[in-house]
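Listed below are the residues making up each chain.
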Amino acid sequence: MAHDPQHPAAPDPVLAAFRKSIDNIDAALIHMLAERFRITQAVGEYKAKVTLPPADPEREARQIARLRKLSEEADLDPEFSEKFLRFIIDEVIRHHERAAAG
C-alpha cells in the first residue's frame, strides 16, 4: 500500500507506545545529565579552590573500565559507552579548566 499524504494512515498504537517510552527515557537522560553536570560544576569549583588539577586521568580510566563492564552486563556496546563517557568527561574537564582559570 502506497503512502498517501492526502490521507495519512491511522496512527499505529504499538509504534506510538514505543515512541512515548523513548520520549520518556530521553527526558530522563536529559535530567540525569543536567544533575550530573550540576555536581561536576561543584567539583570543578572545589578543585579550583583547593588548587587541584582539572583532570584526574587515573579516576577517568577507572570510570571508563567500570562503565565498560556495566555496559557489557547490560548488553550495551562498550565501545559506544566509552565514547559517550569520554565525551562527557571531556566536557567536564573543559568546565573544570574554566573554573581554574577564574
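As a reminder, the structure under discussion sits directly above these lines.
The structure contained in this document is the topic of the report that follows. In this text, all values refer to a predicted model and were calculated from it rather than measured experimentally.

So, unusual backbone geometry
- Even without glycine at this site, Thr51 takes up a positive phi of about 55°.
- Relative to the assigned elements, Thr51 resides in the loop between α1 (13-49) and α2 (57-73).
- Classification of Thr51 by relative accessible area gives exposed; the value is 68%.
- With phi around 60°, Asp75 is a residue other than glycine that occupies positive phi space.

Quick word on the packing of α1 against helix α3 (residues 78-101)
- Contact geometry of α1 with α3 gives a least axis separation of 9 Å together with a crossing angle of 40°. On the basis of the axis angle, α1 is oblique to α3. Our pair here, α1 against α3, has a crossing hand that is right-handed. Of the residues in α3, those in contact with Leu33, Arg36, Phe37, Thr40, Gln41, Val43, Gly44, Glu45, Lys47 and Ala48 of α1 are Phe84, Leu85, Ile88, Glu91, Val92, His95, His96, Ala99 and Ala100.
- Across the contact of α1 with α3, the residue classes tally to 10 nonpolar, five polar and four charged.

With respect to α2
- The end-to-end C-alpha distance of α2, which contains 17 residues, comes to 24 Å, matching closely the 24 Å that a straight helix rising 1.5 Å per residue would cover.
- Among the residues of α2, Glu60, Gln63, Ile64 and Ser71 are the ones counted as buried. For α2, the arc enclosing every buried residue in end-on projection is 100°, short of the 170-degree limit, so these residues lie on one face. Structural note: α2 exposes Glu58, Arg62, Lys69 and Glu73 on the side pointing more than 90 degrees away from its buried face.
- Buried-residue contacts for α2 involve α3.
- Where α2 terminates, the next one or two residues include Asp75, which has phi positive at roughly 60°.

Conventions adopted
- Residues numbered from 1 in each chain as written.
- Predicted model: local features only at pLDDT ≥ 70, side-chain atom pairs only at ≥ 80, totals over all residues.
- Heavy atoms only, no water.
- Helix = DSSP H or I, 4+ residues; strand = E, 2+ residues; numbered from the N terminus.
- Buried < 20%, exposed > 50% of the residue type's maximum accessible area, 1.4 Å probe, protein only.
- Axes fitted to C-alpha atoms, helices over the stretch in contact; angles between N-to-C directions.
- Parallel < 35°, antiparallel > 145°, perpendicular 65-115°, else oblique.
- Left-handed = near helix turned anticlockwise from the far one by under 90°.
- Contact = heavy atoms within 4.5 Å.
- Nonpolar A, V, L, I, M, F, W, Y, C, P; charged D, E, K, R; others polar.
- Expected span 1.5 Å × (residues − 1).
- Arc of directions from axis to C-beta.

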